[in-house]
Amino acid sequence: MAKTGIRAAKPLPLNDILAGDCIKAMNALPEGSVDLIFADPPYNLQLRGELHRPDNSRVDAVDDEWDQFASFQAYDRFTRAWLRAARRVLKPNGAIWVIGSYHNIFRLGTALQDQGFWMLNDVIWRKSNPMPNFRGKRLTNAHETLIWASKSQNSKYTFNYEAMKALNEGTQMRSDWTLPICTGHERLKDAEGAKAHPTQKPESLLHRVLLATTNPGDVVLDPFFGTGTTGAVAKMLGRNFIGIEREESYRAIAAERIARVRTLDAAALEVTGSRRAEPRVPFGTLVERGMLRPGEQLYSTGNRHSARVRADGTLAFADVKGSIHQVGAKLEGAPSCNGWTYWHIQREGKLIPIDTLRQQIRSEMA
């Protein structure tokens, strides 16, 4: 067989935890191969000595070697290097989440913009159960900040707006999230009963991030994998993950944890979709199919107004005539109106939104 000279693309190490330095590992991945990155990098907390409670007991603070840098300049060099590698592996329509505290989040934000990422939101994770301030010299540090950015200004990034709205009981999801820190049964422990990782993130935080900005089957990369919260939630939600972690003890705990996770079935993974993506159904279709009859009365929200259906799919009330949206707006004195939710029909003594009829047609089309 003749050689073509074309090298086969290296397969992605899906649902695997890569050992070693995150920059080298990312540079070894194919360019433009992942949909989303969630990064929980070292915070560079700059601790000076041990921290004690008022009773002189020692606080289990983050004093690991991986969080220590010689200077801000050294931390900045590290940040720019891993962000450059991260941007290379993102697909053109990919996005990144980065989390940090007041120690590093502002430096991360500058580096993101300098690398060409486009800021979408900053999110305040307000901890419902933060660690108290033991020295009493500062405010209790009760939040962390996440930055959500697309690869470029022109990226068509994923945002499941309706799913986030549904998760928030029908109200737009805000950029301040109140969630507890990782405690109790979720907090992983080592063989001695101590915290397996000092900064383990709660699964609720990753659930919200992945549900909002990925779809089933997407590839999520976590270059600071730790004990595998991103991988565990990704597997549960039917996403693929790639983890990178240099510490062997963390990799072992993460692998064991993820092995216990069961992926939700396809029906459970379905989320509320965008109405804009659903098939368009003209109001006149309801009339043509006999679901509404010409001359039938429609009633407004609150039953304050009514209008009659006409054969061409328009409405009439006195001298006001037009589409379901136009007539509704006119009667309310508003610049616009969603006629599908504004108008109702009477069935068995109850008022039902005409949107119910539209959804019946859409279900048939599907």
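Report on the accompanying structure. In this text the structure is predicted, and so the values were computed from the model without any measurement. (Residues numbered from 1 in each chain as written. Predicted model: local features only at pLDDT ≥ 70, side-chain atom pairs only at ≥ 80, totals over all residues. Heavy atoms only, no water.)

**Topic: the pairing of strand β5 (residues 143-150)**
Heads up, the condition is: Relative accessibility under 20% of the residue-type maximum defines a buried residue, over 50% an exposed one, and the middle range a partly exposed one, all with a 1.4 Å probe and only protein chains included. Only DSSP runs of H or I with at least four residues qualify as helices, and only runs of E with at least two residues qualify as strands; both kinds are numbered from the N terminus onward. Pairing between strands is defined by DSSP: at least two bridges between them are needed.
Of all eight residues in β5, seven are buried; the element is thus mostly enclosed. Two strands pair when backbone bridges link them, and strand β4 (residues 118-127) and β5 are joined in this way by eight bridges, in the antiparallel orientation. The residue bridging V123 from the neighbouring strand is L146, located in β5.

**Here we look at helix α7 (residues 248-259)**
Short version of the rule: One less than the number of residues in a helix, times 1.5 Å, gives the span that helix is expected to have. The arc in question is the one traced by the directions running from the helix axis out to the C-beta atoms. Throughout, a contact is declared for two residues whenever any of their heavy atoms are within 4.5 Å.
Between its first and last C-alpha atoms α7 spans 17 Å; for twelve residues at 1.5 Å apiece the expected length is 16 Å, and the two agree. Every buried residue of α7 is accounted for by Y250, R251, A254, R257 and I258. Along α7, the residues classed as buried sweep out an arc of 130 degrees about the axis, all on the same side. Away from its buried face by more than 90 degrees, α7 exposes E248, E256 and A259. Close packing links the buried residues of α7 with β1 (16-19), α5 (203-213), α6 (229-236) and β8 (240-245).

**Quick word on the sheet that holds strand β10 (residues 306-309)**
Applicable threshold: The convention used is that axes are lines fitted to C-alpha atoms, helices contributing only their stretch in contact, and that angles between N-to-C directions extend from 0 to 180 degrees.
Judged by pairing direction, the sheet is antiparallel, and its six strands sit side by side in the order β12-β11-β10-β9-β13-β14 without closing on themselves. Sheet topology places β12 (320-322) and β14 (350-353) at the edges, where each strand pairs with a single neighbour. Geometrically, the sheet is characterised by an average inter-axis angle of 35 degrees between neighbouring strands, direction not taken into account. With four bridges joining them, strand β13 (residues 343-347) and β14 adopt antiparallel strand pairing. Across the sheet, residue Q346 finds its bridge partner in β14, namely L351.

**Observations regarding the pattern of salt bridges**
Pairing of side chains with opposite charge becomes possible as their charged atoms draw close. As a reminder of what qualifies: The salt bridge criterion pairs a side-chain nitrogen of Lys or Arg with a carboxyl oxygen of Asp or Glu, the two atoms within 4 Å.
This model, assessed by the stated rule, comprises twelve salt bridges. Residues R174 and D176 are paired through a salt bridge, measuring 2.8 Å at the closest nitrogen-oxygen approach. Relative accessible area serves as the criterion here: at 37%, D176 is assigned to the partly exposed category. Where E256 meets R260, a salt bridge forms, and the shortest distance between an N and an O atom there is 3.7 Å.

**A look at the sheet that holds β1**
Note on sheets: strands pair through backbone hydrogen bonds, and any given pair is parallel or antiparallel. The mixed open sheet is built from eight strands, whose spatial order is β1-β8-β7-β2-β3-β5-β4-β6. Each having just a single partner strand, β1 and β6 (176-179) make up the two edges of the open sheet. When the angles between neighbouring strand axes are averaged without regard to direction, this sheet yields 20 degrees. Bridge count between strand β7 (residues 219-222) and β8: four bridges; the pairing is parallel. In the sheet register, D222 faces β8, and the bridge partner there is G243. Together, β2 (34-39), β3 (90-100) and β7 form the strand contacts of helix α2 (residues 72-89), whose direction differs from that of β3 by roughly 145 degrees. Relative to β6, α5 is tilted by about 140 degrees, and along the sheet it contacts β2, β3, β4, β5, β6 and β7.

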